Amino acid sequence: MNDERLNISYIINILGENEPQGIHPVTPPLYQTSNFYFSSVEQFRTAISNEKENCVYSRGNNPTLSLLCLKLAALEGADEALVFGSGMAAISSAILSNLSTGDHVICVQNPYSWTNTLLNTNILPRFGVSVSMVDGRSTEAILGTVRSETRVIYLESPNSWTFELQDLKAISEFARAHKIITIIDNSYSTPLYQQPISLGIDLVVHTASKYLGGHSDVVAGVCCGSKELIAKIFANEFLTLGGILSPFNAWLILRGLRTLPVRMEHVSRVTQQILAYLKTQSKVTRIYYPDMPENEQYELSKSQMKKSSGLFTIELDAGTEAIEAFCNNLTYWRMAVSWGGFESLVIPSCTFVRPGLYSALTPNLLRFSVGLEDADTLIQDIDQNMKFL
Ligand SMILES: *Cc1c(COP(=O)(O)O)cnc(C)c1O
């Protein structure tokens, strides 16, 4: 990207939106159709021979979805993108597309929980794929785990509770030389704050349910990559497993994308203000956030991420009862899973970390997702409830 600012606005607001009918709606039409008809056998035959480039049936291609794919691929600097009915549909399709029985996967420790389930519990073990979970902060540890059967290195930089980073350039260079596919979950940064393709990563997956949609009204996912890798996913997992997005939900994400730059700018700025407050609080014993000089991976974050977003975790010097009282009394920080929407959210780790149940996390953590409220409102809400800790 040469003039980055211009290009982001161009991609979000103009790219692909020239309607040929002579009218010029400022929002794109919604093609809420399952099916497309043809007026000659010849046209029908041509279309059916290439479902990726032609509209035949909406499990394959649909103009509302292809407009969204065009914009997301352009934002990531990828050749192409495919959108899915959830982040997990995108992640599982990207992973499955590059594996067969006997293959080996390297995955970073503490990935998104359902990615862990896919790799280690319910799905891949049934098909004879082996998985090594490695501390991704150490490039040597990742490279040292590679075997001759390794086909995929799966990254999440940063992950969504403890925000550990991986050196994307070093890992992708090694992987390319060894013909290993690299996949990254880039949901935390969005394409605005981190562009893994430009650092040599092969496939970039996102949940679009978080920042890309941004309004907590859609579950969706996206996978971006080269023409070849995307064509392979389209022909196999996409059409066959059928985890597609509805045209209306694609349209909602197109709408959400219009405000992505201002939303990201807001949550990133307000997060820094909230962190400055939290650093003055003695009950807060640790803050997990990439863009913070105290973070041991700060230099790496500065070298490969433009900024950090609005998701962070704090560790508290407080027991579970005190943490429950703190959370129960918050007003603007609503308790819920997920993140990346207009509303500010908090999730205490004690909702799922229980004695006897293995977790890499301790029960005294709170993860916050900063929404679109102003900093004073959100800080005041925390400050008024500090007395419970
Ligand atoms: C939510 C989430 C996912 C899964 O996305 P869905 O759209 O809920 O399927 C994947 N990765 C990360 C980091 C997430 O937070």
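In this text the structure is predicted, and so the values were computed from the model without any measurement.

Of regular secondary structure, the protein possesses 14 helices and 12 strands. Computed over C-alpha atoms, the radius of gyration of the protein comes to 22 Å, within 12% of the 21 Å expected from 2.2 N^0.38 for 389 residues, which places it in the range of a compact globule. Put simply, the protein has 389 residues, and 53% of those count as buried. Taken as two groups, the 29 positive and 38 negative side-chain charges of the protein have centres that lie 3 Å from each other.

The next thing to look at is the sheet that holds strand β5 (residues 181-185). Spatial strand order, β1-β7-β6-β5-β4-β2-β3: seven strands in an open sheet with mixed pairing. At either end of the open sheet lies a strand with only one pairing partner, and these are β1 (80-84) and β3 (130-134). Pairwise comparison of adjacent strand axes, ignoring direction, gives a mean angle of 20° for this sheet. Along the sheet face, helix α7 (residues 168-177) touches β4 (150-156) and β5 and points at about 170° away from the line of β4.

Assigned domains of the protein: these are domain 1 (3-258) and domain 2 (260-388). Distance between the C-alpha centres of domain 1 and domain 2: 27 Å. Summed over both partners, the interface of domain 1 with domain 2 buries about 3,200 Å², with 62% contributed by carbon and sulfur atoms. Among the residues of domain 1 in contact with domain 2, W161, Y193 and Y211 are the three that bury the most area, contributing 32% of the side total. Here domain 1 is connected to domain 2 by one salt bridge. Here domain 1 is connected to domain 2 by 19 residue pairs in polar contact (both at pLDDT 80 or more).

Core analysis: the biggest nonpolar cluster contains 90 residues, and I274 and L278 have the highest contact counts within it. The dominant element in this core, judged by the number of residues it contributes, is helix α11 (residues 260-278), at eight residues. Lining this core are residues from two domains, each supplying at least three of them: domain 1 (3-258) and domain 2 (260-388). Filtering out sequence-adjacent residues up to four positions away, L278 remains in contact with V284, I287, F312, I314, I382 and M386.

Here the focus is the pattern of salt bridges. What the rule picks out here adds up to 15 salt bridges. We note a salt bridge from E17 to K71, for which the minimum N-O separation is 2.6 Å. Taken together, the residues E17 in the loop between α1 (4-13) and α2 (41-48) and K71 in helix α3 (residues 63-76) connect sequence positions 54 residues apart. Each of the two residues, E17 as well as K71, counts as buried.

Our focus in this paragraph is the pairing of β5. Regular strands show a simple pattern: their side chains alternate between the two faces of the sheet. Judged by how many residues are buried, β5 sits mostly within the fold: five of five residues are covered. With burial as the criterion, each face of β5 is covered, one bearing I181, I183 and D185 and the other bearing T182 and I184. Two strands pair when backbone bridges link them, and β4 and β5 are joined in this way by five bridges, in the parallel orientation. Looking at β5, one finds that Y154 is bridged to I183.

One can describe the packing of helix α10 (residues 247-258) onto α11 by two numbers: an axis separation of 5 Å at closest approach and a directional angle of 55°. Put simply, α10 runs oblique to α11. Contact residues: G256, L257 and R258 in α10; L260, P261 and R263 in α11. The class makeup of the residues in the contact of α10 with α11 is three nonpolar, one polar and two charged.

Moving on, we get to the site of the ligand. Neighbouring the ligand are 13 residues; G87, D185, T207, S209 and K210 lie closest to it. The separation between an oxygen atom of the ligand and a polar side-chain atom of T207 is 2.8 Å. For the ligand, an oxygen atom lies 2.9 Å from a polar atom in the side chain of W339. When the free accessible area of the ligand is taken as 380 Å², the share hidden by the protein chains comes to 90%. Of the residues forming the shell around the ligand, the biggest block, three residues, is contributed by helix α4 (residues 87-96). Grouping the constituent residues of the shell around the ligand by class yields six nonpolar, four polar and three charged.

A separate point is the side chain of E80. With respect to the element layout, E80 can be found in strand β1. A polar side-chain atom of E80 sits 2.3 Å from a polar atom in the side chain of K52. Once you skip the residues sitting within four places of it in the chain, E80 turns out to touch K52, A73, C223, C224, G225, K227 and I230.

The subject of this paragraph is helix α13 (residues 320-328). Those residues of α13 that sit buried are A322, I323, F326 and C327. Buried residues in α13, looked at end-on, bunch into an arc of 130°, giving them a common side. Turned more than 90 degrees away from the buried face of α13 sit E321 and N328, all of them exposed.

Looking at the secondary structure, you find K283 in the loop between α11 and β8 (284-288). C-alpha separation for the pair K283 and L389, spaced 106 residues apart in sequence, amounts to 7.2 Å. Excluding residues that lie within four positions of it along the chain, K283 makes contacts with E315, L316, D317 and L389.

Thresholds, definitions, all that
- Residues numbered from 1 in each chain as written.
- Predicted model: local features only at pLDDT ≥ 70, side-chain atom pairs only at ≥ 80, totals over all residues.
- Heavy atoms only, no water.
- Helix = DSSP H or I, 4+ residues; strand = E, 2+ residues; numbered from the N terminus.
- Rg over C-alpha atoms; globule rule 2.2 N^0.38 Å.
- Buried < 20%, exposed > 50% of the residue type's maximum accessible area, 1.4 Å probe, protein only.
- Lys, Arg positive; Asp, Glu negative; His and termini not counted.
- Charge placed at Lys NZ, Arg CZ, Asp CG, Glu CD.
- Pairing = 2+ DSSP bridges.
- Axes fitted to C-alpha atoms, helices over the stretch in contact; angles between N-to-C directions.
- Contact = heavy atoms within 4.5 Å.
- Domains from an automatic or database assignment.
- Buried area = accessible area lost by both parts, 1.4 Å probe.
- Salt bridge = Lys/Arg side-chain N within 4 Å of Asp/Glu carboxyl O.
- Polar contact = N/O pair within 3.5 Å; in protein donor to acceptor, adjacent residues only side chain to side chain.
- Core = buried A, V, L, I, M, F, W, Y, C linked by side-chain atoms within 4.5 Å.
- Parallel < 35°, antiparallel > 145°, perpendicular 65-115°, else oblique.
- Nonpolar A, V, L, I, M, F, W, Y, C, P; charged D, E, K, R; others polar.
- Near = heavy atom within 4 Å.
- Areas by Shrake-Rupley, 256 points an atom, 1.4 Å probe, with all protein chains shown as cover.
- Arc of directions from axis to C-beta.

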